[in-house]
Amino acid sequence: TKTKTKTKTKTKTNKRRKIQKRKKRAMELKSQRFIVLVYYTLFGALHELAHVAAALATDQSSGLFDDGIPCFLVRTFFLRQCNIPGLTHGLCADIIRHSGWVFSLVILICCRHRKNARLAASVTVLEALSTDLLGFVPTLSKGILFCGNFGIIMLHQAWTSNGGTTALDILEKMVQVTMMRGAQCGGVVAFHTKDKVKGIRSRVVNGKRSDLSKKVRKKLQQNVKLNNGDIPFFSGHTRFATTSKVTLDGTHPHLWTPPIVRRVYDFNVPKSGRHTFQPHQIQIENYITHNGDFDFYTVNSVSYDLQVIQQFLTTVVGSMPSVVDSCAIAGMMDLLRTQGCFGLSARYVIALGLPSSKMQLDDRISFPTYNEFEKIGFLFEDVLRSMQENGDFFDICDNAESRYSLAEKVVLQLKASPLINSIEHFLKSDGERGADLLTFCVRTVDAFFDNDLFFATKEFLANAKGSFGLCVASSLDAKRQIVLAARGQTMSIAFYPEKNLICYGSEQAAVKAGISAEFPGPGRVTEPVLDIDNDALRLDLDDLNGEILLIDWGRGKFKNAPLSKPNRHMEKHELMNGSVDVFLFHESKATTCYAELYHRMTRLTRNPFIQPLRADSQDPVMDDILDIPKICNSIQNEWKVDRAAKSLNRLTAYNLSRCLRERLEAHIRGTVHPRGTDILLTGCEVSLWLAEQFAGDLQKSFPNLRIKALSSNKLLGLYGQEISVPTFGFPDSPQSHHLHDAIVIIVSHSGGTFAPLSCSNLLQSSTRNIFVITSEWDTQIGKQLRAMDAMNSDNGEVNLFNSRVFTTDVGVRPAEPCSVSVVATHQLMTNLFQYICAIILSDSRFREWSEAIISEYDLQLLERCNQRNIEALCDIVSAATDGEPFIGKPDPTTIELRKAGDLWAEHILENARAYIITIIYIFLTVISGYPLIYGIAVLCGFVSSDWIYLIRLFDAAIYIWMPQINVLLIRLIQGRNLRHRMVGRTVVIGDIPWVAQAAEAFLSKLFACSYSIAGLNVLSGNPADHLVHRHTHRVVRGTLVICGRPDGRLSALSTAEAAVCLSVTQASSIQSLGGTCESITIGHNNFKLPLTQNAIFLKRKRPLFLCERILLEHDVSEETVFAVRGSHTNCQIQTTQDYLIHRNSFQSVDGSSKVHERGGENHAATTTRNDNDRSSITTRISSCIKCLFSRRYHDPDNILDCSTLLNSSVRPQRSLSRSAGALIGAYMNIDDENNNNDDDDDNNTPMECSSSTASFGDSMQISSIVKKAIEEKKWSDDVRKLFDTFDVDGDGFISREEFREGFRLFNSSCPEDEVRQIFRMGDTDGSGKLDYREFLELLDHFDIQSGIKIPSSSRNEKGLIRIEASREKYFGQSLRRCNAGKKNGITNDFLLARKQHFSQELYETRCASLQRFVAMTVMFHQIGYRVQRFFSVVSFGWLGYRMDRTHSIMRIATTASPVSGADVKERLRYLQLLKKVQHSIHVISTAYLAYRARKEEEEEAAAAAAAAAMNTTHKE
């Protein structure tokens, strides 16, 4: 026993020792792993620091710490990255690249005795060799760019004092605005002009979530010292790459030839001191910034494409720094800008200046090197030096004979020099060689004296094809001038005399950055000559016809003229109080030049139409949303009658009304083309969607008008080039639209998008009736339209009554997700819709021809809804009409929308939170060595060799499923649905088309820069049309659906809401594992669908429509019926009809009962319906004919007292909430009750029930159909009797006299001219008689059958309808008053309610849908804000981003269209010329026909005279 006990004890002891050894070994292994991880991190950081040290040693560290020290440390120690932005190619780059792996190899050698360190060092060396030595890294390709220029010229050294803070603030603001054209990269060039001129270029590549404006400023501050006062200007550029990823070498400003020293004569002679003209070693740098495209260049009538040009420049000038087209322009400038250098001039002449010059060079002939050209230049210098001994340098420059003499002398020297051999292959071989040599020398001399910066730019644009927004700067001219050019791309220049500042840019808004800037100097340097000289003025170059501008600020500083001899004839314009000279060259002769440049310029100060740029904001999206009520209220106030004389929009509307009247008059005359489009609306993206809704509403209002909404890109594709772009899937072609004299309304918020801007120019060849709806008066499209009016006026000035710009006054909004701009444009188009309707309805001829559906009463209701819409918007966004948020607690609607946004933000962020928790869990458990299950087992003492593997299995499973486990825990804690799928979320937006599409664009742009782990997929559709077909198959557990519901409480919209509810229900019914999508509905009808997660109800700020009023009275009657039944006081009231017929009291607001009598008649009289008391149809026709003009001849004494029907205080004791289906049923029941009430047989006795419900339904349908057929037969018979009454002679036609006499029998007070007008309305064929069909159509036109009278409208002294809001307590109150007593009240009310269906549809499209869109923006902003804030908080700002901008930041697509700017320009010129030719042919043919007719008359008169003379002679 003792032996067994000892054995057992030893065994246990051994096991215990083994366990302890295993634990010790495991702990040692873990510690070794941790040590290896530490070494690996340390060696990686040292590897990256080696790169940094090499960059510092080689002076290549610029931009290394642009993102801040913390981001640099994170990249270095954890991400093992070292980004050096300025690193390109060369010796320094190789040193920096190889320093990393060399240093890592040294570390490995030093750590050969330490096992753990050796392992970490070995891994680091392998990584270093693969990246630094073998170069296993992705490479980026080049691309073609869409971009924008900007720059400032500082005329006072105070701008660069104190570090140039104010100047940099302006530059940063200009970059922010120009970024709308694209912001993937940008750069600025500046020239130090003190002593030796040197260009300094600062370029950066923007990150997805970084701010380009701040990066450009930071880079500029690092490279340029701004405290010396020797930098005259900054020239910058932002760009957007479309065909490839962006790279630093493709970033502007571009320079082809690196800075190089040449022998140059300095032409810029200081005004003070002596100057000798002799060559000096001067560094030359030619920089350009360009937006647009460079396609071809022509040399000696031969055009060469870009690839040939680049190969040519590589051979002639030097190696190509970048493949982008803009860089080739810099190479061309290196060739063309030759003034002062004979070597450059000789190279230019051989390359481009000879008749034999060409760009496709012969590979067998080598092009001369620059050293050879420079040696040839020495000969020119020697001859010039000898000529200077006998004459002044400028005398030789300006004298043609002296130039020719210089060339002849050089020819003699070249003939005897071997230098001729290098260029002889490029001279013509036929004829005497000396003649060709003389041409070479003459043109070289001319290039030496003439090819200054302006001449070079002019020469380039004369031969280049493409679109150009160009800025050219050279180190040779940086002290005094730069050149700007525009052709197919915009360019604006702002002059600030009081601030000694000039701003220029591709964006008009960008140059307004100087308005709010303060001059850092002591005060005004130069005194103004005139009052206007104090104002800031902006000059917009003519980008349509092409224009070049030279800005020279060297006046008073230099002796020589700013222009070379060939261009000195150009007119000089003095600006900036005489301190700046401006020279303009128009490329097209068709351009109208103003006598004074001032007439072309726009005043930026003291101009109420110019809005300054908005201040920076932390949340521009929220600022835009809060401004919505303010902007909409301002727009509505501008359209009020008392503001007509002060509102620019009303002036523009007046001009539009003139064009509209002319168009309608042409229709009445029958002179409009059968395919002629009356109103064409065009735009891009959101602007187009709004235009489509506007066109649909206007088309439904006036069916005979031909109204189209077409994309601007489609228009350019159809009409912008010789071969049109086919529009597959659409019925549009150049032949399907006849646009002659059509009214064109361009909708463009920015006013500068390429396609709408090009359309504003292109369509001028077809029509002059072009208008634009934009954010402010001062836009590119507005400028083009004003220029069109100026060109057509006699004095070249714009008449305000020809205004063509509708403006929302929103101004430039930096936030890319569009909210206030969309709402403001929609609001303005609503007011414009009302104005157009009033113009057409005011003239009975226009109303008749257009077959108007809308009425003046509809406009009154729409205006009331439009005005009350402002209050609804205030509640939705919780902001007042002054733009300030509500004080205290937000409105409950806003709280509910934000609460829904918070919930969806939690859905989106759950994966990010789960992964963060997972990372923390892994980090803690791996370091501590205690995973969850293992740690629990250790605490419980349940660790043994038998269970250890099972424990590890559970821990491994936790590691595998940790993110999903965390998602479930997060959902459980937050109380969210556990069965949603754990994937990226998809949001499906459903509403009417413009709301769904605009909301989709808004939400998708909010998440454009979000991280993929919290990304969002956004879809949209029309729930009443294709939402189910397009997106239901994508509905999964967790899909987020939001749908806008029309207000189904309105009888015209109840079916629409039912269709939306059906779509939402179908989507929500798709379930998996008991889960489905999460849906939210937004609308005014306070009924929640059973399957939806939430329903947000918007407040009804408008009055009730008549259908709602009828339903309300129905509800009150039901309450009364139940109350009466409960008290057993009157058991006779069994149905709604009974109550409505016998009612004598209503429940008022304060609970008191009011007794009303119907027109003094007792109830027995009103309940007894006798056929003898009912008016016959013939009598009804007669009474309606009397009321054809009842609005004018209405007798108020005939109105019955209907106070019961008009009581607006009726309110049920309990609020009923009905679904859309229930509302449809309720309205159908009321309609059926009305039909039954009209049936005499069913008036007093109930219908006998059939044996089944089906037979009862069938009998009701049959009864209704039979009754309707009888009514139609009676109507037809009575109309025939009435026609026979008018047709006195019985010939089957009613003559004008018969109609007049017959009409006077029914309405003797109607004036004669009104009777004639009614007859003309009926006489559609113009025969002078009415047949039976025309008579019947005339009765249908006035709706005689229904006999409903519409309240009169208010008109001004000219007879035009005033757009005034209805003052009814509920919509239909005046309708009831005007039509009281015609039928029984129930039937008449429902017919009146049907008359409001069209106004209800307009309320939905113009007001209710707008409220839903604003509500969606509030909710979506909350989602985006929560997600944005989450990443900023958890990363301490390192991973922060801004939701108000996207990665591309391309809000204005400068060339994103199917047609280039050059093609549009050429097509426009062709169409203008064609129009002139056709006009000339018309004038000539008209004159010839008139001459021929006159000649024939003279011949006939002569023949008649001769015949008369012969007759007289014969008689004699």
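For clarity, every value in this text was computed on a predicted model and none was experimentally measured.

Reading the values: the criteria
Residues numbered from 1 in each chain as written. Predicted model: local features only at pLDDT ≥ 70, side-chain atom pairs only at ≥ 80, totals over all residues. Heavy atoms only, no water. Helix = DSSP H or I, 4+ residues; strand = E, 2+ residues; numbered from the N terminus. Buried < 20%, exposed > 50% of the residue type's maximum accessible area, 1.4 Å probe, protein only. Contact = heavy atoms within 4.5 Å. Areas by Shrake-Rupley, 256 points an atom, 1.4 Å probe, with all protein chains shown as cover. Pairing = 2+ DSSP bridges. Axes fitted to C-alpha atoms, helices over the stretch in contact; angles between N-to-C directions. Parallel < 35°, antiparallel > 145°, perpendicular 65-115°, else oblique. Left-handed = near helix turned anticlockwise from the far one by under 90°. Nonpolar A, V, L, I, M, F, W, Y, C, P; charged D, E, K, R; others polar. Phe/Tyr/Trp six-rings, centres within 6.5 Å; stacked < 30°, edge-to-face > 60°. Core = buried A, V, L, I, M, F, W, Y, C linked by side-chain atoms within 4.5 Å. Patch = residues over 30% accessible without salt bridge, like charges linked within 9 Å, V, L, I, M, F, W, Y side chains within 5 Å. Salt bridge = Lys/Arg side-chain N within 4 Å of Asp/Glu carboxyl O. Lys, Arg positive; Asp, Glu negative; His and termini not counted. Charge placed at Lys NZ, Arg CZ, Asp CG, Glu CD. Right-handed = clockwise from strand over helix to strand, strands pointing away.

Some points on the overall build of the protein
Within the protein, the regular secondary structure consists of 45 helices and 31 strands. In the protein, which comprises 1516 residues, the proportion classed as buried is 52%. Pairs at least 24 apart in sequence give 75% of the contacts found in the protein among residues at least 6 apart. By element, 55% of the accessible surface of the protein is carried by carbon and sulfur atoms, the whole surface being about 68600 Å².

A look at the sheet that holds strand β8 (residues 302-305)
Strand order in the open sheet formed by seven strands is β8-β7-β9-β10-β14-β16-β15, and the pairing between neighbours is antiparallel. Edge strands, defined here as strands with exactly one partner in the open sheet, are β8 and β15 (572-575). Across the sheet, the axes of successive neighbouring strands diverge by a mean angle of 30 degrees, strand direction being ignored. When strand β7 (residues 286-299) meets β8, the two strands line up antiparallel, connected through four bridges. Bridge pairing in β8 links V299 to V302. Packing of helix α8 (residues 325-336) onto the sheet brings it into contact with β7 and β9 (464-474), and relative to β7 it is tilted by some 85 degrees.

Side note on the packing of helix α28 (residues 993-1006) against helix α44 (residues 1397-1434)
Running from N to C, α28 and α44 point in directions that differ by 15 degrees, and their axes come no closer than 10 Å. Looking at the two axes, α28 sits roughly parallel to α44. As α28 runs across α44, the sense of the crossing is right-handed. Along its contact with α28, which presents W994, V995, A998, A999, F1002, L1003 and L1006, the element α44 presents T1405, S1409, L1410, F1413, M1416, T1417, F1420 and H1421. Considered class by class, the residues forming the contact of α28 with α44 number 11 nonpolar, four polar and no charged.

Some details on the packing of aromatic side chains
With the rule as written, the count across this model stands at 38 aromatic pairs. Ring centres of F191 and Y287 lie 5.8 Å apart, and the angle between their planes is 70 degrees; this geometry places the pair in the edge-to-face category. Taken together, the residues F191 in strand β2 (residues 185-192) and Y287 in strand β7 connect sequence positions 96 residues apart. As far as the burial class goes, F191 and Y287 line up, both buried.

So, the nonpolar core
Grouped together as the largest cluster of nonpolar side chains are 129 residues, with contacts concentrated most on W994 and F1420. For this core, the leading source of residues is α44, giving 17 residues. Once you skip the residues sitting within four places of it in the chain, W994 turns out to touch W689, L690, Q693, V822, H826, T1405, S1409, L1410 and F1413. Counting residues in each nonpolar core, the second largest holds 86 residues, with F342, C441, F460 and L476 among its members.

Considering a nonpolar patch on the surface
Together, F34, I35, L37, V38, I916, I920, F923, L924, I927, V1433 and V1434 line one region of the surface with nonpolar side chains, adding up to about 980 Å² of accessible area. Among the elements of the structure, α1 (2-57), α25 (892-928) and α44 are those that each provide at least two residues to the nonpolar patch. Tallying contributions element by element places α25 first for the nonpolar patch, with five residues.

Quick notes on the pairing of β15
Of the two faces of β15, only the one carrying H573 and L575 is buried; K572 and E574 on the other face are not. Judged from the four bridges that link them, β15 and strand β16 (residues 580-586) form a sheet pairing that is antiparallel. Note on β16: the bridge partner recorded for L575 is V580.

Concerning a negative patch on the surface
Together, E1497, E1498, E1499 and E1500 line one region of the surface with negative charge. Checked against the element boundaries, E1498 lands in helix α45 (residues 1461-1515).

With respect to the pattern of salt bridges
A full pass over the atoms with the stated rule returns 54 salt bridges. With its nearest N and O atoms 2.7 Å apart, the salt bridge here joins E910 to R971. A residue pair is termed long-range when its members are at least 10 positions apart, and E910 in helix α25 and R971 in helix α27 (residues 948-974) qualify at 61 residues. A relative accessible area of 0% places E910 in the buried class. A single network of salt bridges, built from pairs that share partners, joins D169, E172, K214 and R217.

Things to note about the pairing of strand β19 (residues 707-711)
Relative to β19, strand β18 (residues 679-683) runs parallel, the two sharing five bridges. When the bridges of β19 are listed, L681 appears paired with A709. Each parallel crossover has a hand, and for β18 linked through helix α18 (residues 686-701) to β19 it is right-handed.

Details of the sheet that holds strand β21 (residues 770-774)
Pairing is parallel in the open sheet, where five strands are placed in the order β19-β18-β20-β21-β22. Sheet topology places β19 and β22 (805-807) at the edges, where each strand pairs with a single neighbour. Neighbouring strand axes in the sheet, compared pairwise and without regard to direction, differ in orientation by 20 degrees on average. Strand contacts of helix α17 (residues 648-669): β18, β20 (743-747), β21 and β22, with the helix running at about 140 degrees to β22, the strand carrying the most contacts.

Geometric descriptors of this kind do not, in isolation, establish any biological role.
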